[in-house]
Structures are given as C-alpha cells and as structure tokens.
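Analysis of the macromolecular model
Spelled out from the first residue to the last, the chains are:
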Amino acid sequence: MTNRATSHLLPVFARVDLGFERGEGAWLIATNGDRYLDFTSGVAVNALGNSFISGQATSGMTTTSGVYEASFSGTTAGFAAELNTGGTAYVLSTYVVGTGMMSSATDYGIAVDSSGNIYLTGETSDSGYPTTSGAAQTTIGGGAGDAFITKLTASASSLSYSSFIGGSGLDDATGVAVNTAGDAFVTGYTTSSNFPTTSGAYETSLDRLGGCFCHRSQPRRQCFYLFDLPGRLVR
C-alpha cells in the first residue's frame, strides 16, 4: 500500500494593496478616498471548471477589455465575472447597469448555458437599466424596484436580451437556472398586485402582502407565473 502525502493547506494569493481608513454607514472608505460596497451573491461553474460570479460592486472593480460595460458613473452596479479554473485570472469581467448618475443594480443569481452565454437576475430601482428591443417588459414597473433577467453573450460583449420583471410594488429576483433549450427560469419575491402573469398559470393574482414568483424566459417569448409564499405547493 502506498502512502500519499496530503496537504491540508489551502492555496493563498498575494494581498491586494488596499487599505481602509474609516467606515461610513455600509460603505468602507479606502485611504485613497475610494468607496467600496462590494459583494458576491451568485456562483456557477461551466464544463471547463471556470467559475462565474455575480453580485454588486462600486466603481474601481477590475474589468476586462471588450466587455459590455467596463465602467459606470452611478452608485452601485451589478456585475458578472468569469475566473479561470485556478482562480488566478479573470477570463472576463463586466458591469451591467444603467447609464444615469443615480443608476444602481444588484445581480443576485447567475447561470451559464452550454454555449457559454451568461444569465443574470437581480433587482434594480433604475428606470434606465438596459433592456433590449422586443423584450417582454422594457420599462420599469415602479415601486421600490423591479426584478430583471439579462442574457449576455459568451464573451460578455453585448446583451442577447434583457427585460424587467415586475409591477408597481417591490419585485426581487434571487435565482436563475437554464435548461438545454436555452430557456431561463427565474425565481424571486414580489409584493406587486399587478405582477405580470400568463393565462392558465397556477396562480395569476396575489391575495396577500407578498408571494413568490416563477418566470420562464425563452429566446422569442417570455412567460410569467405567480404563486403565494406560505405553504402552497406548485406543480
């Protein structure tokens, strides 16, 4: 029997040359005056073992050349990034947010299909969040914020499609999955009594303060389904 030496130490990386001097609410203020409110909230892995992450970032995040949005002028932005299998370098990194000075978005969920296309979902209160022609909902529904579904090309250089998902209340998408046909399935929470639903769906109206929703986005059309949060079985 051959004994194999096993290391229980995790690999480490060089510390980023960054120092913080004070906090300001939820913000961290660096010694050079930069403000940081960054976090990740979603992760996916492709067949090569590359990892894809999504979340929220402030200006100053590392982006790569040729991507959809390498910089922004708003407050906070959603982002998508792909790292190589060793986690040592970015394959791609881009912001996804509107263009106004008060633009903001958070990407909570991320998925990748077999062709490398990237699917993002989250929440934004920005009416200027980018949408595409022919999308199911090209204007924000109102309220405290809308959910969204955004599909980036495999190179993250452009949007394949992007749509708001929501009504006049608060709509927040937290997860996304994609099937082999390229349909995206989005889940989240809504307080909108006018949340867009489709005929024949399990539940098309909201009879309480809030409920969960399931949204299916297809390349040429989009469908919405709604169901209540407490104790309801959806088939």
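Above this text is the structure in question.
Structural notes, computed from the coordinates. (Residues numbered from 1 in each chain as written. Predicted model: local features only at pLDDT ≥ 70, side-chain atom pairs only at ≥ 80, totals over all residues. Heavy atoms only, no water.)

Here we come to the sheet that holds strand β7 (residues 90-96). The strand order across the open sheet formed by 4 strands is β4-β5-β6-β7, and the pairing between neighbours is antiparallel. Of all the strands in the sheet, just β4 (39-45) and β7 have a single pairing partner and so form its edges. When the angles between neighbouring strand axes are averaged without regard to direction, this sheet yields 15 degrees. The sheet contact formed by strand β5 (residues 51-57) and strand β6 (residues 77-83) spans 7 bridges and is antiparallel. In the strand pairing of β6, Ala 57 is matched with Ala 77. (Pairing = 2+ DSSP bridges. Helix = DSSP H or I, 4+ residues; strand = E, 2+ residues; numbered from the N terminus. Axes fitted to C-alpha atoms, helices over the stretch in contact; angles between N-to-C directions.)

Moving on, we get to the environment of Val 91. Looking at the secondary structure, you find Val 91 in strand β7. Separated by 27 residues in the primary sequence, Val 91 and Thr 64 place their C-alpha atoms 7.8 Å from one another.

Of all hydrophobic cores here, the largest spans 25 residues; its most connected members are Ile 110, Ile 118, Leu 120 and Leu 152. Where this core is concerned, the elements lending two or more residues are β5, β6, β7, β8 (106-112), β9 (118-124), β10 (146-152) and β11 (159-165). Among the elements that make up this core, the one with the highest residue count is β6 (4 residues). Discounting chain neighbours no more than four positions away, the residues touching Ile 118 are Phe 52, Ala 80, Leu 92, Ile 110, Ala 111, Thr 150, Lys 151, Leu 152 and Thr 153. In terms of nonpolar packing, the next biggest core, distinct from the first, is built from 12 residues, Ala 111, Ala 147, Ala 173 and Ala 184 among them. (Core = buried A, V, L, I, M, F, W, Y, C linked by side-chain atoms within 4.5 Å. Buried < 20%, exposed > 50% of the residue type's maximum accessible area, 1.4 Å probe, protein only. Contact = heavy atoms within 4.5 Å.)

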